[in-house]
Amino acid sequence: AVPMNALIEFYQNLGWALTALVVGTFLLAGAVKGVIGLGLPTVAMGLLGLAMLPAQAEAFLIIPSTVTNVWQLANGGHLRGLLQRLWPMLLMIAVGTGLGSWWLGINAGPWMTHALGAALCVYALSGLLLPAFKVPASAERWLGPLCGGLTGIVTSATGVFVIPAVPYLQALGLQRDQLVQ
C-alpha cells in the first residue's frame, strides 16, 4: 500500500507539464463522452497511462466517471427495463472486480500498463475488425454473467470497463439511448 503522505506529495508536485496533460486529457475525454455518450475512462486511461501508472490514473478518474455515469443513469429514461435485463451481468461485474482486485492486488505493478494497453488494443481491434454479433435472448441468461465476471477482472487489472462488456452490450441490439445509459 502507498502511504498517504506519498500520495499527497505526488499530487502537490505534479508540475506544469503533467497538469496540462491531465487537464487536456479530461477535456478530450469529456468531449468524447459528450459526443458519443461513453469513453471517458477509456480515453483518459489511455492518455494518462503515458505519464503515470494505471493505479495513479484511476485515482484521477473516480470522481469524473462517477458523476457522469450517475448523471446518464438518472436521466436516460430506460433504467427499470435495463436493470431487469442486465442485473446478472452488473452483479458479476461487481463480483469480478472485487475478486480481481483481491487476486491481483490494488497496485498490481508496472505490468498493469501492459494489461491496459492490451485491453485498449483488443477493444479497438474488435470495433474495427469483428462483424456485428447478435446475442439471442436464450443466451443472455448465461452469457451476461460470464461477460460481467470477465469484465470485472479486466477492469480490476486495467481500470477500463470495455472488454468484453461493451461488445456484449452492442450485440444485445439495444437502442443508442439504452446503450449509453
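Residues numbered from 1 in each chain as written. Predicted model: local features only at pLDDT ≥ 70, side-chain atom pairs only at ≥ 80, totals over all residues. Heavy atoms only, no water.

A description of helix H4 (residues 54-75) should follow, citing residues and the corresponding values.
Compared with the 32 Å implied by 1.5 Å per residue over 22 residues, the 30 Å span of H4 between its first and last C-alpha is a close match. Its maximal kink placed at Leu61, H4 deviates by approximately 45°, while the proline Pro64 follows within four residues. Along H4, the residues classified as buried are Pro54, Ala57, Phe60, Leu61, Ser65 and Gln72. Once H4 finishes, Gly77 follows within two positions and takes phi at roughly 85°, a positive value. (Helix = DSSP H or I, 4+ residues; strand = E, 2+ residues; numbered from the N terminus. Expected span 1.5 Å × (residues − 1). Bend = angle between axes of the 7 residues up to and from the residue. Buried < 20%, exposed > 50% of the residue type's maximum accessible area, 1.4 Å probe, protein only.)

So what's going on with the side chain of Gln181? Which residues, and what values?
Positionally, Gln181 belongs in the segment after helix H9 (176-180). Classification of Gln181 by relative accessible area gives buried; the value is 17%. A polar contact of 2.8 Å, which involves the side chain of Gln181, links it to the backbone oxygen of Leu73. Ignoring sequence-local partners within four residues, the contact set of Gln181 consists of Gln72, Leu73, Gly76, Gly77, His78, Leu79 and Leu82. (Polar contact = N/O pair within 3.5 Å; in protein donor to acceptor, adjacent residues only side chain to side chain. Contact = heavy atoms within 4.5 Å.)

Any details on helix H3 (residues 40-48)? Residues and values, ideally.
Every buried residue of H3 is accounted for by Leu40, Thr42, Ala44, Met45 and Leu48. Check the buried side of H3 and you find it contacts helix H2 (15-36), H4, helix H6 (111-129) and helix H7 (137-158).

Summarise the nonpolar core; cite the residues concerned and give the values.
If you look at the biggest cluster of nonpolar residues, it comprises 18 residues, and the most contacted ones within it are Phe26, Leu48 and Met52. If you list the elements that add at least two residues to this core, you get H2, H3, H4 and H6. Membership of the second largest hydrophobic core comes to 13 residues, among which are Leu82, Leu143, Cys147 and Leu169. (Core = buried A, V, L, I, M, F, W, Y, C linked by side-chain atoms within 4.5 Å.)

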